[in-house]
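Chain residues, written in single-letter form:
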Amino acid sequence: MDLRHRPRYHFMPLANWMNDPNGLIQWAGVYHLFYQHNPHGPAWGNMHWGHATSRDLVHWTHQPIALAPTPGGPDQDGVFSGCAVNHDGVPTLIYTGVRPEVQCLATSDDQMIYWRKSPRNPVIAGPPDGLDVTGFRDPYVWREGDGWRMALGSGIVGQGGIVLLYRSADLQSWEYVGPLCQGRLDETGHNWECPNFLPLGHRHLLLVSPQPLRQAHYFLGSYQGDRFTAQEHGLLDHGGLYYAPQAFVDEGGRRICLGWLLEGRTQEAYVAAGWAGVQSLPRELTLAADGSLRQRPVPELASLRREHIHWGAAPIQDLTRLDEMAGACLELDIEMEPGEAEKVGLTVRRSPDGAEGVEIAYDAQRQVLLVDSRTASLSPEAEGRLAEAPLALGGAPLSLRVFLDESVIEVFANDRVCITARVYPTREDSTGLALTASGGAARLLALDAWRMSGIWGSRPGA
Ligand code: FRU
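Residues numbered from 1 in each chain as written. Predicted model: local features only at pLDDT ≥ 70, side-chain atom pairs only at ≥ 80, totals over all residues. Heavy atoms only, no water.

Colleague: Requested: an account of the site of the ligand, with residues and values cited.
Modeller: Contacts to the ligand come from N19, D20, Q36, W44, M47, F80, S81, R137, D138, E193, Y243 and W260. At 3.1 Å, a side-chain N or O of N19 approaches an oxygen atom of the ligand. D138 is positioned with one of its side-chain polar atoms (N or O) 2.6 Å from an oxygen atom of the ligand. Out of a free accessible area of 320 Å², the ligand has 93% covered by protein chains. Mapped onto the shell around the ligand, the elements with two or more residues apiece are β1 (16-27), β5 (78-87) and β9 (133-144). (Near = heavy atom within 4 Å. Polar contact = N/O pair within 3.5 Å; in protein donor to acceptor, adjacent residues only side chain to side chain. Areas by Shrake-Rupley, 256 points an atom, 1.4 Å probe, with all protein chains shown as cover. Helix = DSSP H or I, 4+ residues; strand = E, 2+ residues; numbered from the N terminus.)

So, in structure tokens, the structure goes:
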């Protein structure tokens, strides 16, 4: 296995392929993360549920594989995505078995290590009569009244993505209620994967991951009479590499969301490396006073902070190098004012000669946040891109939280806009950090930088 570029404080399996987070739940204080996993290789296939546990959403302990396909069973061709619920004290997983796509249950005791598949699987054997669907998977289940509801990802041929709503009294027999929400083919793709549906403040939040767009979309709106009416729509992340997120309510009532970070390099490159796929940092979702969505990395991540440097207010002109804090595993918390500058921001993972580097900047004229990874690597195997997101500051300073973790860069701007990038610099010394301004002077208000510790032992990934 090639350990270069392997993140040190983001969750990953020991080796091989990972995609969607599944079955997120906190049980008797312990967070459980299940995930789509191919234990036999670093490319997608042979889908199992991997499993890890944590007390703080930061440090994880690997657990044995939770679910594997049962030969001859309804999940013989794959254990696809799904969720976890507390069924009157019994940990219960609800997932899609393949093939064809059907919905299945598995239960466990409190340890959540050994899972028993229901003898009644599949509990939903196929799509509702009369619907010509593009997909039928990824159940998300919640308590409602004295029963259960399920949102299922799907699409109607020729029409676009749809979330199908089901109800059940016992999690075993399910009745189709109708469409919870439907998109348009020309706007949000032909098939919606991994729906999530939960109350957030006074509103409801729907997440979907539309094929073929490879973006995680959110809708905020109202839920009445088994129908969701969307009033606001956006992307959870504008980097194009964050997909299939899952959100859950923890024991403290927080809405916490993790997403799958895709590789930004060729399949040949990640297969050669022996590992692919990373979980994002856990983000807390809240509503701002104006009812819009806020995303913040969970405060528990502060436990990874080590050496710290603070810079106070100063003008930023051209390029101001911050050599003291060069590194590939950092957290940066920056407040700046664009002032006269057309563009203000920073360059990270910069080689001394500038041949490699990633620009994170605010284009004040266009009111756009951008992360440009096209020059992150001299390797032809790295797929850099320019990611942009609209961000109107309305007179407020630009406030950036940036997490660097080897090949992962997660950027949070003003708690509102997120851009995640994957970078694979070729040079050992592509670790430089600099502030940048162009077209005029900008002003740094404050910058705090921390070196971040890894979450595993001395052996990487162990
Ligand atoms: C989303 C997805 C899901 C499916 C799983 C299979 O990335 O395609 O729809 O359940 O991955 O691994």
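Colleague: An account of the pattern of salt bridges is requested, with residue identities and associated values reported.
Modeller: It is possible for side chains bearing opposite charge to pair when their charged atoms get close. All told, the structure shown has 28 salt bridges when counted by the stated rule. R8 is the partner of E406 in a salt bridge, and the nearest nitrogen-oxygen pair spans 2.8 Å. In this pair, E406 is assigned in the loop between β30 (398-405) and β31 (408-413) and R8 in the segment before β1, connecting sequence segments 398 residues apart. With relative accessibility at 15%, the residue E406 sits in the buried group. Sharing partners across several salt bridges, the network here consists of E101, R137 and E193. (Salt bridge = Lys/Arg side-chain N within 4 Å of Asp/Glu carboxyl O. Buried < 20%, exposed > 50% of the residue type's maximum accessible area, 1.4 Å probe, protein only.)

Colleague: Let's hear about the side chain of T96: which residues, and what values?
Modeller: Within the secondary structure, T96 is located in strand β6 (residues 90-98). A polar contact of 2.8 Å, which involves the side chain of T96, links it to the backbone nitrogen of D138. Those residues in contact with T96, other than ones at most four positions away along the chain, are G78, V79, F80, S81, E101, V102, Q103, F136, R137, D138 and P139. (Contact = heavy atoms within 4.5 Å.)

Colleague: Give me the state of the cysteines: which residues, what numbers.
Modeller: For the coordinates displayed, the defined rule picks out zero disulfides. This cysteine, C257, is not joined by any disulfide, and C418 carries the nearest cysteine sulfur, 9.5 Å off. (Disulfide = S-S within 2.5 Å.)

Colleague: Any chance you could break down the sheet that holds strand β15 (residues 217-224) for me, citing the residues and the numbers?
Modeller: Each strand in a sheet pairs with its neighbour through backbone hydrogen bonds, running either in the same direction (parallel) or in the opposite one (antiparallel). In space, the four strands of this open sheet follow the order β13-β14-β15-β16, with antiparallel pairing throughout. Of all the strands in the sheet, the pair left with one neighbour each is β13 (191-200) and β16 (227-235). On average, each strand axis in the sheet is tilted by 25 degrees relative to the strand beside it, whichever way the strands run. Bridge analysis of β15 against β16 gives eight bridges, and the strand direction is antiparallel. Considered in β16, the bridge of Y223 is made with F228. (Pairing = 2+ DSSP bridges. Axes fitted to C-alpha atoms, helices over the stretch in contact; angles between N-to-C directions.)

Colleague: Break down the sheet that holds strand β10 (residues 147-156) for me, citing the residues and quoting the values.
Modeller: A sheet is described by the order of its strands in space; here four strands give the open sequence β9-β10-β11-β12, paired in antiparallel fashion. At either margin of the open sheet sits one strand with a lone partner, and together these are β9 and β12 (174-182). Averaged over neighbouring strand pairs, the angle between their axes works out to 25 degrees when direction is ignored. Note: β9 against β10, eight bridges, orientation antiparallel. Paired with R137 across the strands is G153, a residue of β10.

Colleague: Residue-level account of the side chain of T436, with values.
Modeller: The residue T436 is located in strand β33 (residues 432-452) in this model. When sequence neighbours within four positions are dropped, the list of residues in contact with T436 reads I316, D318, L319, K343, V344, G345, L346 and T347.

Colleague: Mind laying out the packing of aromatic side chains, listing which residues take part and the relevant values?
Modeller: Going through the model one piece at a time under the given rule, you end up with 18 aromatic pairs. Aromatic pair F197 and F228: ring centres 5.4 Å apart, planes at 80 degrees, arrangement edge-to-face. With F197 in strand β13 and F228 in strand β16, this pair connects stretches of sequence that are 31 residues apart. Using a relative accessible area of 2% as the deciding quantity, one classes F197 as buried. Residue classification places F228 among the buried positions, given a relative accessible area of 4%. By the ring-pair criterion, three or more aromatic residues cluster together here, those being F11, Y35, W60 and W456. Of note, R6 hangs over the ring of W275, and the distance from its end group to the ring centre comes to 5.6 Å. (Phe/Tyr/Trp six-rings, centres within 6.5 Å; stacked < 30°, edge-to-face > 60°. Lys NZ or Arg CZ within 6 Å of the ring centre and 35° of its normal.)

Colleague: How would you summarise the pairing of strand β2 (residues 30-38) if you had to cite specific residues and measurements?
Modeller: Of all nine residues in β2, nine are buried, a share of seventy percent or more. Neither face of β2 is exposed, since V30, H32, F34, Q36 and N38 on one face and Y31, L33, Y35 and H37 on the opposite face are all buried. Note that β1 and β2 share seven bridges and pair antiparallel. Within the sheet, the bridge partner assigned to W17 lies in β2 and is N38. In textbook terms, the turn of a hairpin is the stretch between consecutive antiparallel strands, and for β1 and β2 this stretch comprises two residues, one of which, A28, has a positive phi near 50 degrees. As paired elements, β2 and strand β3 (residues 48-54) share seven bridges and run antiparallel to each other. Along β3, the bridge assignment pairs Y31 with S54.

In short, geometric facts, not functional conclusions.
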